[in-house]
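Read off the chains here:
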Amino acid sequence: MSVILEPLHPRYQASYPALTRQWLQDAIGDVLARIDAMLPRFSHTFPAASAEHGRYLPVAKVDWTEGFWTGLLWLAWEVTGAEKYRQAAETLLDSFAQRLDQQIKVDTHDLGFLYLLSCVNAWKLTANQPARELALRAAGLLYRRFDHTAGVIQAWGDLTDPARQGRMIIDCNLNLPLLFWAANETGNLQWRQAATRHLQQAARYLVRSDASTFHTFYMDIHSGQPLRGDTHQGFSDDSCWSRGQAWGIYGFALGFNYTGDTRLPELARKLSHYFLNRLPEDYICYWDLIFTPQDHALRDTSAAAIAVCGLSELLRQLPLSDTLRPAYQHAISMMMRNLHQHYFVREEDGLLREGVYNYGRNMGINQPNLWGDYFYFEALVRLSRIWTPYW
Ligand code: GLY
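Residues numbered from 1 in each chain as written. Predicted model: local features only at pLDDT ≥ 70, side-chain atom pairs only at ≥ 80, totals over all residues. Heavy atoms only, no water.

**With respect to the overall build of the protein chain**
Here's step 1: Regarding its fold elements, the protein chain presents 13 helices and seven strands.
Here's step 2: At 19 Å, the protein chain has a C-alpha radius of gyration in line with the 21 Å of a compact globule built from 391 residues.
Here's step 3: By its C-alpha atoms, the protein chain is 55 × 50 × 40 Å across when sized along the principal axes.
Here's step 4: Pairs at least 24 apart in sequence give 70% of the contacts found in the protein chain among residues at least 6 apart.
Here's step 5: Considering the protein chain, the positive charge centre built from 36 side chains and the negative charge centre built from 40 side chains are found 3 Å apart. (Helix = DSSP H or I, 4+ residues; strand = E, 2+ residues; numbered from the N terminus. Rg over C-alpha atoms; globule rule 2.2 N^0.38 Å. Contact = heavy atoms within 4.5 Å. Lys, Arg positive; Asp, Glu negative; His and termini not counted. Charge placed at Lys NZ, Arg CZ, Asp CG, Glu CD.)

This is the structure in structure tokens:
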């Protein structure tokens, strides 16, 4: 199936204020102040997925989001060198070990989010051998979710549950780097092949011909044939969930780093144009790209932060002569400026206000969430230095 590249809206050709070194330093300072305010409460436990009434409560039972807190701590350590962040991140490693030992909530593809941002980064940054071992164990569990006939990693739930078998979701693009990384570490070709195959299936079936994305797609695990796309967190099955599109932009770009497949950055580019062309005046997306200003829908700031990281990764991959580079820089600059100026939390917990976790299930609506916080900080770090991704 061919996927179109929409021409970018002319506004991306206009001049824009660049993100200066001083601006980035100040924005990072603001982030560190918020992390410092939370650190005493979260050095032995994790914040919940999203904040309520201006506070993150300690997570009641582990979920898919704990890695974003350790990810924030490692980013803080990278930019400051302050041992308090590293100590807390290392203390929290026990919880990731316990999770594997006791098989707590590991029946999920989200092992990538969890172990890339707690263990792979600890290994990359400090050569922490036990963290490397944990990440490899998590990769083994992720591989177990790969169905050879369908060619996809099952997103959620028990592998024998017919209602969940053969279901891939766009979010998984960010989990695949765990499998690719582990394959590179160990030389395990099966892990590499599974991740590559899933990426190909995601490109083929989760992306629609207009460069929007389904949130989820079912494959028949008996015949390997495609069944249908639908949504879990978007507005409707045929709309385009903003965060899903952002996972797609970033994840396909990351896939290029591991496969060298030059079609992937081009696909990320197409998804980006679809995303950027549907942003409101202030460049911060509504929680589904179906909405227009007349709908008065809520924003999802977390999707904006993920998209910035994806565009930044794409810029690392595109030739310097690519004529659209200034347009992508424009988009990044305006999204980051507006996130900082209009959506940054000043006194309360978290970093970004106005995220939407799951609108349909009434979860984390119009609240900070931990992944929005993480990707906002990652974006600032990416923009302020040469940074080796945790992904
Ligand atoms: N991966 C789940 C979410 O984006 O909400």
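On we go from here.
**Focus: the nonpolar core**
Here's step 1: The biggest cluster of nonpolar side chains holds 147 residues, and the ones touching the most others in it are Trp69, Leu178, Phe252, Met335, Phe375, Tyr376 and Phe377.
Here's step 2: No other element matches helix H11 (residues 301-317), which puts ten residues into this core.
Here's step 3: Discounting chain neighbours no more than four positions away, the residues touching Phe377 are Ile28, Val31, Leu32, Ile35, Leu72, Leu75, Ala76, Val79 and Leu351. (Core = buried A, V, L, I, M, F, W, Y, C linked by side-chain atoms within 4.5 Å. Buried < 20%, exposed > 50% of the residue type's maximum accessible area, 1.4 Å probe, protein only.)

**A few points about the pattern of salt bridges**
Here's step 1: One pass over the full model with this rule turns up 21 salt bridges.
Here's step 2: Taking the shortest distance from any N to any O, the salt bridge between Asp36 and Lys84 comes out at 3.4 Å. One end of the pair, Asp36, is in helix H1 (residues 21-38); the other, Lys84, is in helix H3 (residues 83-91), and 48 residues separate them in sequence.
Here's step 3: Residue Lys84 is classed as partly exposed on the basis of its relative accessible area of 39%.
Here's step 4: Across the pair Arg353 and Glu354 runs a salt bridge, and its minimum N-O distance is 3.0 Å.
Here's step 5: Here the salt bridges share partners, and the residues they tie into one network are Glu313, Arg316, Glu378 and Arg382. (Salt bridge = Lys/Arg side-chain N within 4 Å of Asp/Glu carboxyl O.)

**A word on the site of the ligand**
Here's step 1: The local shell around the ligand consists of Trp64, Asp171, Gln233, Trp241, Arg243, Trp247 and Tyr357.
Here's step 2: Gln233 places a side-chain nitrogen or oxygen 2.8 Å from an oxygen atom of the ligand.
Here's step 3: Between an oxygen atom of the ligand and a side-chain N or O atom of Arg243, the distance comes to 2.5 Å.
Here's step 4: With the chains in place, 95% of the 200 Å² that the ligand exposes on its own is no longer accessible.
Here's step 5: When its residues are assigned to classes, the shell around the ligand shows four nonpolar, one polar and two charged. (Near = heavy atom within 4 Å. Polar contact = N/O pair within 3.5 Å; in protein donor to acceptor, adjacent residues only side chain to side chain. Areas by Shrake-Rupley, 256 points an atom, 1.4 Å probe, with all protein chains shown as cover. Nonpolar A, V, L, I, M, F, W, Y, C, P; charged D, E, K, R; others polar.)

**Here we look at the packing of aromatic side chains**
Here's step 1: Summed over all chains, the structure comprises 31 aromatic pairs.
Here's step 2: When the ring of Phe235 is compared with that of Phe291, the centres are 5.3 Å apart and the planes differ by 70°; the resulting orientation is edge-to-face. Of this pair, Phe235 sits in the loop between strand S5 (226-230) and helix H9 (242-259) while Phe291 sits in the loop between helix H10 (263-276) and H11; the two residues are 56 residues apart in sequence, bridging distant segments of the chain.
Here's step 3: Using a relative accessible area of 46% as the deciding quantity, one classes Phe235 as partly exposed.
Here's step 4: We classify Phe291 as buried; its relative accessible area is 13%.
Here's step 5: Ring pairs connect the aromatic residues Trp64, Phe68, Phe113, Trp247, Tyr250, Tyr357, Trp371, Tyr374, Phe375 and Trp391, which therefore count as one cluster.
Here's step 6: Looking at Arg11, its charged tip hangs above the ring of Tyr283, at a distance of 3.9 Å from the centre.
Here's step 7: Directly above the aromatic system of Trp123 lies the positively charged group of Arg132, at a separation of 5.5 Å from the ring centroid. (Phe/Tyr/Trp six-rings, centres within 6.5 Å; stacked < 30°, edge-to-face > 60°. Lys NZ or Arg CZ within 6 Å of the ring centre and 35° of its normal.)

**Points about the packing of helix H2 (residues 66-80) against helix H13 (residues 370-384)**
Here's step 1: Running from N to C, H2 and H13 point in directions that differ by 25°, and their axes come no closer than 9 Å. Taken together, the axis directions place H2 and H13 in an arrangement best described as roughly parallel. As for the relative orientation of H2 and H13, their crossing is left-handed in sense. Here H2 contributes Phe68, Trp69, Gly71, Leu72, Leu75, Ala76 and Val79 to the contact with H13, which in turn contributes Leu370, Trp371, Asp373, Tyr374, Phe375, Phe377, Glu378 and Val381.
Here's step 2: Residues of the contact of H2 with H13, tallied by class, amount to twelve nonpolar, one polar and two charged. (Axes fitted to C-alpha atoms, helices over the stretch in contact; angles between N-to-C directions. Parallel < 35°, antiparallel > 145°, perpendicular 65-115°, else oblique. Left-handed = near helix turned anticlockwise from the far one by under 90°.)

**Topic: the state of the cysteines**
Here's step 1: A full pass over the atoms with the stated rule returns zero disulfides.
Here's step 2: Not engaged in a disulfide, the cysteine Cys172 finds its nearest cysteine sulfur in Cys240; these two sulfurs lie 18 Å apart. (Disulfide = S-S within 2.5 Å.)

**Digging into the packing of helix H5 (residues 111-126) against helix H7 (residues 176-186)**
Here's step 1: Closest axis-to-axis distance for the H5/H7 pair is 9 Å, and the angle between their directions is 40°. It follows that H5 is oblique to H7 by the angle criterion. Residues Leu111, Gly112, Tyr115, Leu116, Val120, Trp123 and Lys124 of H5 form the contact with H7, whose participating residues are Pro177, Leu178, Trp181 and Glu185.

**So, helix H4 (residues 93-101)**
Here's step 1: Restricting attention to buried positions, one finds in H4 the residues Leu93, Phe96, Ala97, Arg99 and Leu100. Down the axis of H4, the sector holding all buried residues measures 155°, keeping them to one side. In H4, those exposed residues whose orientation departs by more than 90 degrees from the buried face are Asp94 and Asp101.
Here's step 2: Summarising the contacts, the buried residues of H4 are in contact with H2, H3, H5 and helix H6 (129-144).
Here's step 3: Among the residues trailing H4, Gln103 stands out with phi positive, at a value near 55°. (Arc of directions from axis to C-beta.)

**So, the side chain of Arg167**
Here's step 1: Here Arg167 lies in strand S3 (residues 167-169).
Here's step 2: A distance of 3.1 Å separates a polar atom in the side chain of Arg167 from a polar atom in the side chain of Tyr218.
Here's step 3: Setting aside anything within four residues of it in sequence, one finds Arg167 in contact with Ile153, Gln154, Ala155, Trp156, Thr216, Phe217, Tyr218, Asp230, Thr231 and His232.

**What to know about H10**
Here's step 1: Taking 1.5 Å per residue, 14 residues should reach 20 Å; H10 reaches 20 Å between its end C-alpha atoms and fits that length.
Here's step 2: Burial analysis of H10 places eleven of its 14 residues in the buried class, the great majority of the element.
Here's step 3: Looking at H10, one finds that the buried residues are Leu264, Pro265, Leu267, Ala268, Arg269, Leu271, Ser272, His273, Tyr274, Phe275 and Leu276. (Expected span 1.5 Å × (residues − 1).)

Any functional reading would require information beyond the geometric quantities listed.
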